[in-house]
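Close look at the chain arrangement
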Amino acid sequence: MDAILIPILVAAIVVIFLVATSVRIVPQARRYNIERFGRYRRTLQPGLNLVLPVADRVNTKLDVREQVYSSDPRPVITEDNLVVNIDTVLYYQITDPRSAAYEVADYLQAIDQLTVTTLRNVIGSMDLEETLTSREEINTRLRTVLDDATGKWGIRVNRVEIKAIDPPNTIKEAMEKQMRAERDKRAAILHAEGERQAKILTAEGTKQKDILEAQGTQQAMILRADGEAKAVERVFQAVHRNNADPKILAYKYLETLPHLANSENNTFWVIPGELTEAVRSVSSAFADHSTMGLPKNVQSEEATSDDTTDDSATAEIESGPRNTAAAAADEVAKQAAAAVNNAKAEAEAARTPQVPGRGKPSTD
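Residues numbered from 1 in each chain as written. Predicted model: local features only at pLDDT ≥ 70, side-chain atom pairs only at ≥ 80, totals over all residues. Heavy atoms only, no water.

The next subject is the overall build of the chain. Helix and strand counts for the chain stand at 10 helices and nine strands. For the chain, with 364 residues in total, the buried portion stands at 26%. (Helix = DSSP H or I, 4+ residues; strand = E, 2+ residues; numbered from the N terminus. Buried < 20%, exposed > 50% of the residue type's maximum accessible area, 1.4 Å probe, protein only.)

What follows is the structure, encoded as C-alpha coordinates:
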(Lines give C-alpha, C1' and ligand atoms only; values in the text may rest on other atoms or scores of the structure.)
Protein backbone atom coordinates (compact mmCIF):
# COMPACT_ATOMS: atom_id res chain seq x y z
CA MET A 1 0.00 0.00 0.00
CA ASP A 2 2.80 2.30 0.88
CA ALA A 3 4.59 1.44 -2.35
CA ILE A 4 1.57 2.59 -4.33
CA LEU A 5 1.10 5.87 -2.39
CA ILE A 6 4.66 7.00 -2.79
CA PRO A 7 4.63 7.11 -6.65
CA ILE A 8 1.23 8.81 -6.51
CA LEU A 9 2.52 11.49 -4.16
CA VAL A 10 5.60 12.00 -6.28
CA ALA A 11 3.48 12.31 -9.40
CA ALA A 12 1.17 14.79 -7.69
CA ILE A 13 4.09 16.88 -6.55
CA VAL A 14 5.52 16.89 -10.05
CA VAL A 15 2.19 17.92 -11.52
CA ILE A 16 1.80 20.70 -8.98
CA PHE A 17 5.30 21.93 -9.70
CA LEU A 18 4.76 21.83 -13.44
CA VAL A 19 1.47 23.72 -13.12
CA ALA A 20 3.02 26.26 -10.80
CA THR A 21 5.96 26.84 -13.09
CA SER A 22 3.83 27.02 -16.22
CA VAL A 23 1.45 29.72 -14.96
CA ARG A 24 2.57 33.39 -14.79
CA ILE A 25 0.33 36.20 -13.56
CA VAL A 26 1.52 39.63 -14.81
CA PRO A 27 0.25 42.76 -12.96
CA GLN A 28 -1.14 45.75 -14.80
CA ALA A 29 1.45 48.14 -16.34
CA ARG A 30 4.10 45.42 -16.12
CA ARG A 31 5.87 43.49 -18.84
CA TYR A 32 7.84 40.22 -18.47
CA ASN A 33 10.42 39.11 -20.97
CA ILE A 34 10.43 35.28 -21.38
CA GLU A 35 13.52 33.33 -22.46
CA ARG A 36 13.47 29.69 -23.59
CA PHE A 37 16.74 27.97 -23.03
CA GLY A 38 18.45 31.40 -22.81
CA ARG A 39 16.89 32.86 -25.95
CA TYR A 40 14.22 35.59 -26.00
CA ARG A 41 10.88 34.00 -26.65
CA ARG A 42 8.15 36.58 -26.01
CA THR A 43 6.91 39.30 -23.70
CA LEU A 44 4.11 38.48 -21.31
CA GLN A 45 1.18 40.92 -21.16
CA PRO A 46 -0.81 41.74 -18.01
CA GLY A 47 -3.04 38.89 -16.78
CA LEU A 48 -2.74 35.07 -16.72
CA ASN A 49 -0.07 33.61 -19.00
CA LEU A 50 1.15 30.04 -19.57
CA VAL A 51 4.76 29.18 -20.20
CA LEU A 52 6.65 25.96 -20.80
CA PRO A 53 7.87 24.62 -17.51
CA VAL A 54 11.60 24.25 -17.04
CA ALA A 55 12.29 25.50 -20.58
CA ASP A 56 10.88 29.04 -20.19
CA ARG A 57 11.97 31.51 -17.56
CA VAL A 58 11.37 35.24 -16.83
CA ASN A 59 14.46 37.30 -17.69
CA THR A 60 13.39 40.90 -16.88
CA LYS A 61 10.37 42.54 -15.32
CA LEU A 62 9.77 46.06 -16.61
CA ASP A 63 7.40 48.85 -15.56
CA VAL A 64 5.87 50.60 -18.58
CA ARG A 65 4.47 53.53 -16.65
CA GLU A 66 6.02 57.01 -17.06
CA GLN A 67 9.07 57.28 -14.86
CA VAL A 68 10.88 60.26 -13.34
CA TYR A 69 14.64 60.34 -13.14
CA SER A 70 16.54 63.16 -11.42
CA SER A 71 20.24 63.43 -12.18
CA ASP A 72 22.93 64.80 -9.91
CA PRO A 73 24.33 68.34 -10.47
CA ARG A 74 26.81 68.30 -13.31
CA PRO A 75 29.37 71.04 -14.06
CA VAL A 76 28.90 72.65 -17.47
CA ILE A 77 31.03 75.37 -19.10
CA THR A 78 29.23 78.21 -20.84
CA GLU A 79 30.38 80.11 -23.90
CA ASP A 80 31.88 82.88 -21.75
CA ASN A 81 34.00 80.29 -19.84
CA LEU A 82 31.93 80.16 -16.66
CA VAL A 83 31.32 76.89 -14.84
CA VAL A 84 27.73 76.31 -13.73
CA ASN A 85 26.15 73.29 -12.06
CA ILE A 86 22.92 72.12 -13.69
CA ASP A 87 20.36 69.64 -12.34
CA THR A 88 17.97 68.00 -14.77
CA VAL A 89 14.74 66.04 -14.34
CA LEU A 90 13.88 63.44 -16.98
CA TYR A 91 10.40 62.03 -17.68
CA TYR A 92 10.53 58.83 -19.77
CA GLN A 93 8.41 55.77 -20.57
CA ILE A 94 9.28 52.27 -21.83
CA THR A 95 7.47 51.56 -25.07
CA ASP A 96 9.30 48.38 -26.12
CA PRO A 97 10.29 46.03 -23.24
CA ARG A 98 12.37 43.77 -25.49
CA SER A 99 14.55 46.67 -26.76
CA ALA A 100 14.85 48.14 -23.27
CA ALA A 101 16.14 44.79 -21.99
CA TYR A 102 18.35 43.68 -24.87
CA GLU A 103 19.41 46.81 -26.81
CA VAL A 104 21.12 48.56 -23.89
CA ALA A 105 22.69 47.15 -20.74
CA ASP A 106 21.51 49.94 -18.35
CA TYR A 107 19.14 52.37 -19.96
CA LEU A 108 19.09 54.74 -16.95
CA GLN A 109 22.85 55.18 -17.01
CA ALA A 110 22.79 55.55 -20.77
CA ILE A 111 20.11 58.25 -20.55
CA ASP A 112 22.02 60.06 -17.80
CA GLN A 113 25.26 60.17 -19.76
CA LEU A 114 23.49 61.19 -22.93
CA THR A 115 21.76 63.99 -21.04
CA VAL A 116 25.07 65.31 -19.70
CA THR A 117 26.80 65.31 -23.06
CA THR A 118 23.84 66.92 -24.82
CA LEU A 119 23.53 69.51 -22.09
CA ARG A 120 27.20 70.44 -22.41
CA ASN A 121 26.83 70.86 -26.14
CA VAL A 122 23.77 73.06 -25.76
CA ILE A 123 25.08 75.19 -22.89
CA GLY A 124 28.48 75.55 -24.53
CA SER A 125 26.91 77.60 -27.30
CA MET A 126 25.28 80.07 -24.86
CA ASP A 127 26.59 82.63 -22.44
CA LEU A 128 25.54 82.76 -18.80
CA GLU A 129 22.79 85.32 -19.23
CA GLU A 130 21.30 83.47 -22.18
CA THR A 131 21.51 80.21 -20.23
CA LEU A 132 19.57 81.67 -17.33
CA THR A 133 16.88 83.12 -19.57
CA SER A 134 16.53 80.32 -22.15
CA ARG A 135 15.41 77.34 -20.13
CA GLU A 136 12.55 76.51 -22.44
CA GLU A 137 14.84 76.44 -25.44
CA ILE A 138 17.33 74.22 -23.60
CA ASN A 139 14.57 71.83 -22.55
CA THR A 140 13.28 71.55 -26.12
CA ARG A 141 16.71 70.84 -27.58
CA LEU A 142 17.49 68.25 -24.89
CA ARG A 143 14.20 66.45 -25.42
CA THR A 144 14.72 66.32 -29.19
CA VAL A 145 18.21 64.82 -28.91
CA LEU A 146 17.29 62.32 -26.16
CA ASP A 147 14.11 61.19 -27.89
CA ASP A 148 15.99 60.46 -31.10
CA ALA A 149 18.76 58.55 -29.28
CA THR A 150 16.54 56.52 -26.94
CA GLY A 151 14.04 55.50 -29.60
CA LYS A 152 16.05 52.42 -30.56
CA TRP A 153 16.21 51.47 -26.88
CA GLY A 154 12.45 51.21 -26.67
CA ILE A 155 12.20 54.34 -24.50
CA ARG A 156 10.30 57.55 -25.21
CA VAL A 157 11.46 60.75 -23.48
CA ASN A 158 8.38 62.83 -22.76
CA ARG A 159 9.91 65.83 -21.03
CA VAL A 160 13.25 67.17 -19.89
CA GLU A 161 13.31 69.97 -17.31
CA ILE A 162 16.21 71.93 -15.87
CA LYS A 163 15.70 71.91 -12.14
CA ALA A 164 18.46 74.31 -11.09
CA ILE A 165 21.31 76.34 -12.55
CA ASP A 166 23.91 77.28 -9.95
CA PRO A 167 26.61 79.74 -11.09
CA PRO A 168 29.73 80.36 -8.95
CA ASN A 169 29.47 82.51 -5.82
CA THR A 170 31.41 85.37 -7.37
CA ILE A 171 29.02 85.39 -10.30
CA LYS A 172 26.08 85.35 -7.91
CA GLU A 173 27.43 88.40 -6.07
CA ALA A 174 28.03 90.22 -9.35
CA MET A 175 24.53 89.35 -10.52
CA GLU A 176 23.04 90.59 -7.28
CA LYS A 177 24.91 93.89 -7.63
CA GLN A 178 23.76 94.19 -11.22
CA MET A 179 20.17 93.48 -10.28
CA ARG A 180 20.39 95.99 -7.43
CA ALA A 181 21.77 98.60 -9.82
CA GLU A 182 19.00 97.85 -12.30
CA ARG A 183 16.38 98.25 -9.59
CA ASP A 184 17.93 101.55 -8.46
CA LYS A 185 18.00 102.69 -12.07
CA ARG A 186 14.34 101.82 -12.59
CA ALA A 187 13.44 103.54 -9.33
CA ALA A 188 15.31 106.69 -10.36
CA ILE A 189 13.67 106.63 -13.78
CA LEU A 190 10.23 106.20 -12.27
CA HIS A 191 10.92 109.01 -9.79
CA ALA A 192 12.10 111.29 -12.58
CA GLU A 193 9.07 110.39 -14.69
CA GLY A 194 6.82 111.19 -11.75
CA GLU A 195 8.46 114.58 -11.18
CA ARG A 196 8.30 115.31 -14.92
CA GLN A 197 4.63 114.43 -15.04
CA ALA A 198 3.97 116.53 -11.95
CA LYS A 199 5.74 119.53 -13.48
CA ILE A 200 3.84 119.07 -16.73
CA LEU A 201 0.54 118.94 -14.87
CA THR A 202 1.51 121.98 -12.80
CA ALA A 203 2.46 123.90 -15.94
CA GLU A 204 -0.80 122.88 -17.59
CA GLY A 205 -2.73 124.02 -14.54
CA THR A 206 -0.89 127.36 -14.47
CA LYS A 207 -1.51 127.79 -18.18
CA GLN A 208 -5.20 127.09 -17.80
CA LYS A 209 -5.35 129.44 -14.83
CA ASP A 210 -3.67 132.27 -16.78
CA ILE A 211 -5.95 131.64 -19.76
CA LEU A 212 -9.06 131.71 -17.59
CA GLU A 213 -7.89 134.84 -15.76
CA ALA A 214 -7.12 136.53 -19.08
CA GLN A 215 -10.52 135.54 -20.43
CA GLY A 216 -12.18 136.81 -17.27
CA THR A 217 -10.30 140.12 -17.50
CA GLN A 218 -11.20 140.37 -21.17
CA GLN A 219 -14.88 139.77 -20.46
CA ALA A 220 -14.80 142.27 -17.60
CA MET A 221 -13.17 144.90 -19.81
CA ILE A 222 -15.68 144.20 -22.58
CA LEU A 223 -18.59 144.51 -20.17
CA ARG A 224 -17.10 147.66 -18.63
CA ALA A 225 -16.56 149.15 -22.07
CA ASP A 226 -20.09 148.22 -23.08
CA GLY A 227 -21.41 149.87 -19.93
CA GLU A 228 -19.39 153.03 -20.51
CA ALA A 229 -20.51 153.06 -24.15
CA LYS A 230 -24.14 152.77 -23.12
CA ALA A 231 -23.65 155.48 -20.48
CA VAL A 232 -22.04 157.81 -23.01
CA GLU A 233 -24.78 157.00 -25.49
CA ARG A 234 -27.47 157.82 -22.93
CA VAL A 235 -25.73 161.07 -21.96
CA PHE A 236 -25.37 161.98 -25.63
CA GLN A 237 -29.04 161.21 -26.24
CA ALA A 238 -30.07 163.20 -23.16
CA VAL A 239 -27.96 166.16 -24.26
CA HIS A 240 -29.42 166.15 -27.75
CA ARG A 241 -32.92 165.49 -26.51
CA ASN A 242 -32.79 168.42 -24.06
CA ASN A 243 -30.91 170.67 -26.52
CA ALA A 244 -28.25 171.61 -23.94
CA ASP A 245 -26.66 175.01 -24.20
CA PRO A 246 -22.90 175.15 -25.00
CA LYS A 247 -22.37 177.14 -21.83
CA ILE A 248 -23.69 174.29 -19.71
CA LEU A 249 -21.37 171.91 -21.53
CA ALA A 250 -18.46 174.26 -20.78
CA TYR A 251 -19.41 174.25 -17.12
CA LYS A 252 -19.47 170.42 -17.01
CA TYR A 253 -16.12 170.45 -18.77
CA LEU A 254 -14.67 172.54 -15.93
CA GLU A 255 -16.12 170.15 -13.36
CA THR A 256 -14.44 167.19 -15.08
CA LEU A 257 -10.93 168.70 -15.19
CA PRO A 258 -10.00 168.10 -11.51
CA HIS A 259 -10.85 164.42 -11.84
CA LEU A 260 -8.31 164.02 -14.62
CA ALA A 261 -5.50 164.83 -12.20
CA ASN A 262 -6.60 162.45 -9.44
CA SER A 263 -5.17 159.34 -11.16
CA GLU A 264 -2.11 157.84 -9.43
CA ASN A 265 -0.36 157.19 -12.76
CA ASN A 266 -0.41 160.81 -13.87
CA THR A 267 3.05 162.36 -13.41
CA PHE A 268 2.66 165.09 -16.05
CA TRP A 269 -0.55 166.93 -16.81
CA VAL A 270 -0.99 169.44 -19.61
CA ILE A 271 -3.65 172.08 -19.24
CA PRO A 272 -5.78 171.96 -22.40
CA GLY A 273 -6.04 175.07 -24.52
CA GLU A 274 -9.83 174.99 -24.37
CA LEU A 275 -9.74 175.83 -20.63
CA THR A 276 -9.67 179.60 -21.20
CA GLU A 277 -12.58 179.40 -23.58
CA ALA A 278 -14.55 177.27 -21.10
CA VAL A 279 -13.91 179.74 -18.27
CA ARG A 280 -14.86 182.63 -20.50
CA SER A 281 -18.05 180.83 -21.62
CA VAL A 282 -19.16 180.17 -18.06
CA SER A 283 -18.35 183.72 -16.97
CA SER A 284 -20.15 185.22 -19.94
CA ALA A 285 -23.16 182.98 -19.25
CA PHE A 286 -23.60 184.36 -15.78
CA ALA A 287 -22.68 187.84 -16.97
CA ASP A 288 -25.37 187.72 -19.65
CA HIS A 289 -28.03 186.85 -17.08
CA SER A 290 -26.83 189.58 -14.76
CA THR A 291 -26.83 192.33 -17.37
CA MET A 292 -30.36 191.68 -18.56
CA GLY A 293 -32.34 194.89 -17.86
CA LEU A 294 -29.28 196.97 -16.89
CA PRO A 295 -28.17 200.14 -18.60
CA LYS A 296 -25.76 199.75 -21.48
CA ASN A 297 -23.01 201.67 -19.74
CA VAL A 298 -23.24 199.26 -16.77
CA GLN A 299 -23.16 196.31 -19.11
CA SER A 300 -20.14 197.69 -20.86
CA GLU A 301 -18.39 198.28 -17.53
CA GLU A 302 -19.19 194.75 -16.34
CA ALA A 303 -18.09 193.29 -19.65
CA THR A 304 -14.85 195.28 -19.35
CA SER A 305 -14.33 194.05 -15.82
CA ASP A 306 -15.15 190.46 -16.91
CA ASP A 307 -12.63 190.67 -19.71
CA THR A 308 -10.07 191.99 -17.30
CA THR A 309 -10.88 189.20 -14.87
CA ASP A 310 -10.74 186.56 -17.58
CA ASP A 311 -7.46 187.89 -18.90
CA SER A 312 -5.96 187.96 -15.45
CA ALA A 313 -7.27 184.43 -14.72
CA THR A 314 -5.92 183.22 -18.01
CA ALA A 315 -2.59 184.85 -17.37
CA GLU A 316 -2.44 183.35 -13.91
CA ILE A 317 -3.29 179.92 -15.25
CA GLU A 318 -0.77 180.16 -18.03
CA SER A 319 1.93 181.40 -15.65
CA GLY A 320 1.01 178.97 -12.92
CA PRO A 321 3.33 176.20 -11.85
CA ARG A 322 3.21 173.00 -13.84
CA ASN A 323 5.38 170.87 -11.62
CA THR A 324 2.52 168.80 -10.23
CA ALA A 325 -0.52 167.69 -12.18
CA ALA A 326 -2.74 167.68 -9.13
CA ALA A 327 -1.67 171.22 -8.15
CA ALA A 328 -2.40 172.48 -11.63
CA ALA A 329 -5.81 170.85 -11.61
CA ASP A 330 -6.64 172.33 -8.20
CA GLU A 331 -5.48 175.77 -9.32
CA VAL A 332 -7.65 175.59 -12.42
CA ALA A 333 -10.63 174.44 -10.36
CA LYS A 334 -10.11 177.27 -7.87
CA GLN A 335 -9.85 179.87 -10.62
CA ALA A 336 -12.91 178.45 -12.38
CA ALA A 337 -14.87 178.48 -9.11
CA ALA A 338 -13.72 182.05 -8.35
CA ALA A 339 -14.82 183.22 -11.78
CA VAL A 340 -18.19 181.55 -11.37
CA ASN A 341 -18.65 183.05 -7.88
CA ASN A 342 -17.77 186.53 -9.13
CA ALA A 343 -20.25 186.20 -11.94
CA LYS A 344 -22.96 185.03 -9.56
CA ALA A 345 -22.21 187.90 -7.15
CA GLU A 346 -22.44 190.51 -9.88
CA ALA A 347 -25.68 188.97 -11.11
CA GLU A 348 -27.18 189.16 -7.62
CA ALA A 349 -26.04 192.77 -7.24
CA ALA A 350 -27.65 193.62 -10.55
CA ARG A 351 -30.97 192.13 -9.48
CA THR A 352 -31.05 194.07 -6.16
CA PRO A 353 -33.08 197.43 -6.49
CA GLN A 354 -31.03 200.65 -6.04
CA VAL A 355 -31.96 203.00 -3.14
CA PRO A 356 -31.98 206.73 -4.05
CA GLY A 357 -28.90 208.42 -2.77
CA ARG A 358 -26.91 205.15 -2.64
CA GLY A 359 -24.82 203.60 -5.32
CA LYS A 360 -24.84 204.74 -8.86
CA PRO A 361 -27.70 206.89 -10.18
CA SER A 362 -30.24 205.19 -12.35
CA THR A 363 -29.97 205.83 -16.06
CA ASP A 364 -33.73 205.71 -16.55
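And the narrative resumes.
A contiguous patch of positive charge, built from K177, R180, R183 and R186, is present on the exposed surface. Taking the relative accessible area as the measure of exposure, R186 reaches 47% and is therefore partly exposed. (Patch = residues over 30% accessible without salt bridge, like charges linked within 9 Å, V, L, I, M, F, W, Y side chains within 5 Å. Areas by Shrake-Rupley, 256 points an atom, 1.4 Å probe, with all protein chains shown as cover. Salt bridge = Lys/Arg side-chain N within 4 Å of Asp/Glu carboxyl O. Lys, Arg positive; Asp, Glu negative; His and termini not counted. Charge placed at Lys NZ, Arg CZ, Asp CG, Glu CD.)

The bulk of non-glycine residues show a negative phi, and the bulk of peptide bonds are trans. Even without a glycine there, the phi angle at V54 is positive, about 70 degrees. Taking the relative accessible area as the measure of exposure, V54 reaches 68% and is therefore exposed. Phi is positive for N81, which is not a glycine, with a value near 60 degrees. Along the polypeptide, N81 turns up in the loop between β7 (74-77) and β8 (83-94).

With that out of the way, let us pick up the sheet that holds strand β3 (residues 39-44). In space, the three strands of this open sheet follow the order β3-β2-β5, with antiparallel pairing throughout. Whereas interior strands pair on both sides, the edge strands pair on one side only; in this sheet they are β3 and β5 (56-63). Across the sheet, the axes of successive neighbouring strands diverge by a mean angle of 25 degrees, strand direction being ignored. Relative to β5, strand β2 (residues 30-36) is paired through seven bridges, and the arrangement is antiparallel. By the bridge assignment, R30 is partnered in β5 with D63. (Pairing = 2+ DSSP bridges. Axes fitted to C-alpha atoms, helices over the stretch in contact; angles between N-to-C directions.)

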